[in-house]
Amino acid sequence: MLSSLSTRKRTFRRRILASFLCLSAGISLVYFWSDLCLWRTEANLKQRKNVAAEKWLKRSRWFNRGLDPRTCLLQLRVARRSGDFREVERLLNQAVKVGVPRKELERERWLAMAQTNQFEAMQSRWNDLLKDARDDEPEIARAHYTWAMIYHNHELAKWTLELWHQDYPNDPEPLILTGRYYQSMTSWESSEKAYRAALAVAPENADCQLLLAKVLQIRLKTDEAISLFQKYLRQHPNDATALQGLAESLATHGEVDKAIQMFQEGLRSHPEDLMLLKSCGELMLSSGDAAGAAVVLEKAYRMVPEHANLANSLARAWKASGRLAEAEPLFAFVAESQPKLIEMGAMEKQLRDQPNNLELRMKIAEIVARFVSRRDAIRWCENLLLIAPKYKPAHEELVKLYQSLGEDKLAMRHANGFEQDAKP
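Just so it is clear, the model here is predicted, and its values are computed rather than measured. By convention here, each chain's residues receive numbers from 1 onward along its written sequence. With the structure being a predicted model, the display of local features is reserved for residues of pLDDT at least 70 and the display and counting of side-chain atom pairs for 80 or more, all residues being used for whole-chain, interface and lining totals. As a rule here, side-chain values cover all heavy atoms of the structure and leave hydrogens and water aside.

(A) Fine view of the overall build of the protein. Here a helix means four or more residues in a row that DSSP labels H or I, a strand means two or more in a row labelled E, and each is numbered from the N terminus. Counting secondary structure elements, the protein contains 23 helices and 0 strands. Between buried and exposed lies partly exposed: a residue is buried under 20% and exposed over 50% of the maximum accessible area for its type, with that area taken using a 1.4 Å probe on protein chains only. Within the span of the protein, comprising 424 residues, buried residues form 43% of the whole. Every residue pair with non-hydrogen atoms within 4.5 Å of one another is taken to be in contact. Once local pairs closer than 6 in sequence are excluded, the contacts in the protein between residues at least 24 apart make up 50%. All accessible-area figures derive from a Shrake-Rupley calculation using a 1.4 Å probe, and residue coverage is judged against the displayed protein chains alone. For the protein, the exposed surface amounts to about 23300 Å²; the carbon and sulfur share of it is 54%.

Shown next, in the form of structure tokens:
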């Protein structure tokens, strides 16, 4: 009897002790929970596991601890990494109030400017960011590469990509951008090599498969290009770029009828795709179907009447189908475009030595708008504004271009921009 009572007392004491330990552990967990989650957030950010970092940051708020400098800074970093720059702007203002260290706050501000291409406002800070890249090197390198290309500093752009790849050898992005870089230089062999290196790192990267296929098509490695286009289309059966590439490759391979059929199938899904229309019409023209080509090319021409090469194809189709009177004005327009396009090529070479020549950039944009593509001209003007945001001629040209495309809201934004800049 006494033994049984003693056993019950010991069991009771053990249960009390266990309950006390569980309670203590629970209290400790609640007390230290936020710190644990913030530590995991920091660790995941360093490993560039941004989604996991965001989840741990949300968990840190479970017990509704007030916003402190550490939490605010991590919220800011997570928002910037995820590309939520409205939230970044809000948190930058909040960070001042909660006491985030000024040095860290300034760094986040510069990084946000770099990532949103606000280069004029922060370009004097590149050295600071490059010297203190931490785990933000890919974001810094991507922005630095963009900045260098806009300024036509090709050697600096190439160096940036090489350094990025050296530090992140398992990241396909610097290799893909290297491929694009060489593509812009029309160095197709080097571009192919870069894309192959990217696929060696990330074999299932579909975007890289498509980029490599296009380069192989240009380099007349037709069999491999066809295989890659087909592989890509199995995953993205309706992609217009891949459909165009495969059809063109089939035509090069001698399968013209099959290529035209593929173009027509693609146009049923993408009836307004300019490049599909242009390529299909030109292939029909070269295969002897001038009347059918004229129908397709005329639809494309109505979309981009400033496109001199397209105008030339349509004029040839009209002439071949007996519509010479309609073709003559287009041939005259093409003849007018030729010296201007040659002049533009010389200007682009000159721009490599004079990247800050804003007037030269505007002359190129005006020729592009008149004889190539208003959309391409818009890109020229927008890139110019990354260098000189208050340059009035670029804003004025964008107003005209957007109005001509029926995009009045965007036209108004630029009209308001240069009108405000003109105020004293």
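(B) Focus on the packing of helix α18 (residues 308-320) against helix α19 (residues 324-353). To define axes, lines are fitted to C-alpha atoms, for helices over the stretch in contact only, and angles between the resulting N-to-C directions are given on a 0 to 180 degree scale. Between α18 and α19, whose axes approach to 8 Å, the crossing angle comes to 150 degrees. With respect to each other, α18 and α19 are oriented roughly antiparallel. Of the two possible hands of crossing, α18 and α19 adopt the one that is left-handed. Within the contact between the two elements, α18 uses Ala-308, Ala-311, Asn-312, Leu-314, Ala-315, Arg-316, Trp-318 and Lys-319 and α19 uses Leu-324, Glu-326, Ala-327, Leu-330, Phe-331, Phe-333, Val-334, Ser-337 and Leu-341. For classification purposes, an angle smaller than 35 degrees is called roughly parallel, one larger than 145 roughly antiparallel, one from 65 to 115 roughly perpendicular, and anything else oblique. Left-handed describes a crossing whose near helix is turned anticlockwise from the far helix by less than a right angle; the clockwise case is right-handed.

(C) Fine view of the nonpolar core. For our purposes a nonpolar core is just a set of buried Ala, Val, Leu, Ile, Met, Phe, Trp, Tyr and Cys residues, chained together by side-chain atoms within 4.5 Å. Phe-119, Trp-126 and Tyr-391 are the most contacted members of the largest nonpolar core, which totals 98 residues. When residues of this core are assigned to their parent elements, the largest contribution, 9 residues, is made by helix α20 (residues 358-371). If we skip the residues at most four places from it in the chain, Trp-126 touches Ala-114, Phe-119, Ile-140, Ala-143, His-144 and Trp-147. By size, the runner-up hydrophobic cluster in this structure holds 11 residues, among which are Leu-76, Leu-91, Val-100 and Ala-112.

(D) Geometry of the layout of surface pockets. Throughout, the protein atoms alone are placed on a 1 Å grid, and a set of points is a cavity if a 1.4 Å probe fits but cannot get out or a pocket if it is open with protein on both sides within 12 Å along at least five of seven lines; lining residues have an atom within 4 Å of a point. Grid points are joined across faces, edges and corners, and a volume is the space filled by probe spheres set on the points. What the largest pocket holds in volume is close to 900 Å³. Every residue lining the largest pocket is counted, 19 residues in all, and those nearest its centre are His-152, Ser-184, Glu-348, Trp-380 and Asn-383. Elements supplying a minimum of two residues to the lining of the largest pocket: α8 (137-150), α19, α20 and α21 (374-387). Here the lining of the largest pocket takes 5 residues from α19, the largest share from any one element.

(E) The arrangement of the pattern of salt bridges in detail. What counts as a salt bridge is simple: a side-chain nitrogen of Lys or Arg found within 4 Å of a carboxyl oxygen of Asp or Glu. Overall, the coordinates contain 35 salt bridges when judged by the stated rule. When the shortest N-O distance is used, the salt bridge between Arg-77 and Asp-135 registers 2.7 Å. Taken together, the residues Arg-77 in helix α3 (residues 69-82) and Asp-135 in the loop between α7 (126-131) and α8 connect sequence positions 58 residues apart. Taken as a pair, Arg-77 and Asp-135 share a single burial class, namely buried. Between Arg-323 and Glu-326 there is a salt bridge, with the nearest N and O atoms lying 2.8 Å from each other. One continuous salt-bridge network, built from bridges that share partners, spans Arg-48, Arg-77, Arg-80, Arg-81, Glu-104, Arg-107, Glu-108, Asp-132, Arg-134, Asp-135, Asp-136 and Glu-139.

(F) Region of the structure containing unusual backbone geometry. Residue Arg-48 is not a glycine yet carries a positive backbone phi of 60 degrees. For Arg-48, the position within the fold is in the loop between α1 (2-46) and α2 (50-59). Residue classification places Arg-48 among the partly exposed positions, given a relative accessible area of 23%. Phi angles above zero are rare outside glycine, and Asn-117 is one such case at about 60 degrees. Turning to its location among the elements, Asn-117 is positioned in the loop between α5 (102-115) and α6 (119-122). With a relative accessible area of 27%, Asn-117 lands in the partly exposed category.

(G) Representation of the side chain of His-154. By the secondary structure assignment, His-154 is in helix α9 (residues 154-167). Aside from chain neighbours lying at most four places away, what touches His-154 is Met-149, Tyr-181, Met-185 and Arg-352.

(H) Spotlight on the packing of aromatic side chains. Pairing of aromatic rings covers Phe, Tyr and Trp, the last counted by its six-membered ring, and requires centre-to-centre distances within 6.5 Å; plane angles under 30 degrees mean stacked, over 60 mean edge-to-face, and any other angle means tilted. Overall, the coordinates contain 5 aromatic pairs when judged by the stated rule. Between Trp-126 and Trp-147, the ring centres sit 5.5 Å apart and the planes meet at 45 degrees, which makes this aromatic pair tilted. Of the two residues, Trp-126 is situated in helix α7 and Trp-147 in helix α8; the sequence distance between them amounts to 21 residues. Residue Trp-126 shares its accessibility class with Trp-147, and that shared class is buried. Seen in terms of ring centroids, Trp-147 and Tyr-151 are 5.5 Å apart; in terms of plane orientation they differ by 55 degrees. Their pairing is tilted. Judged by its relative accessible area of 16%, Trp-147 is buried. A network of ring pairs unites the aromatic residues Phe-119, Trp-126, Trp-147 and Tyr-151 as a single cluster. Ring-over charges, as used throughout, are those where CZ of Arg or NZ of Lys falls within 6 Å of the ring centre and within 35 degrees of the ring normal. Its guanidinium or amino end placed over the ring of Trp-39, Arg-40 lies 5.3 Å from that ring's centre, counting from NZ or CZ.

(I) Region of interest: the environment of Gln-403. Turning to its location among the elements, Gln-403 is positioned in helix α22 (residues 392-404). Among all residues touching Gln-403, those that are not within four sequence positions of it are Asp-408 and Ala-411.

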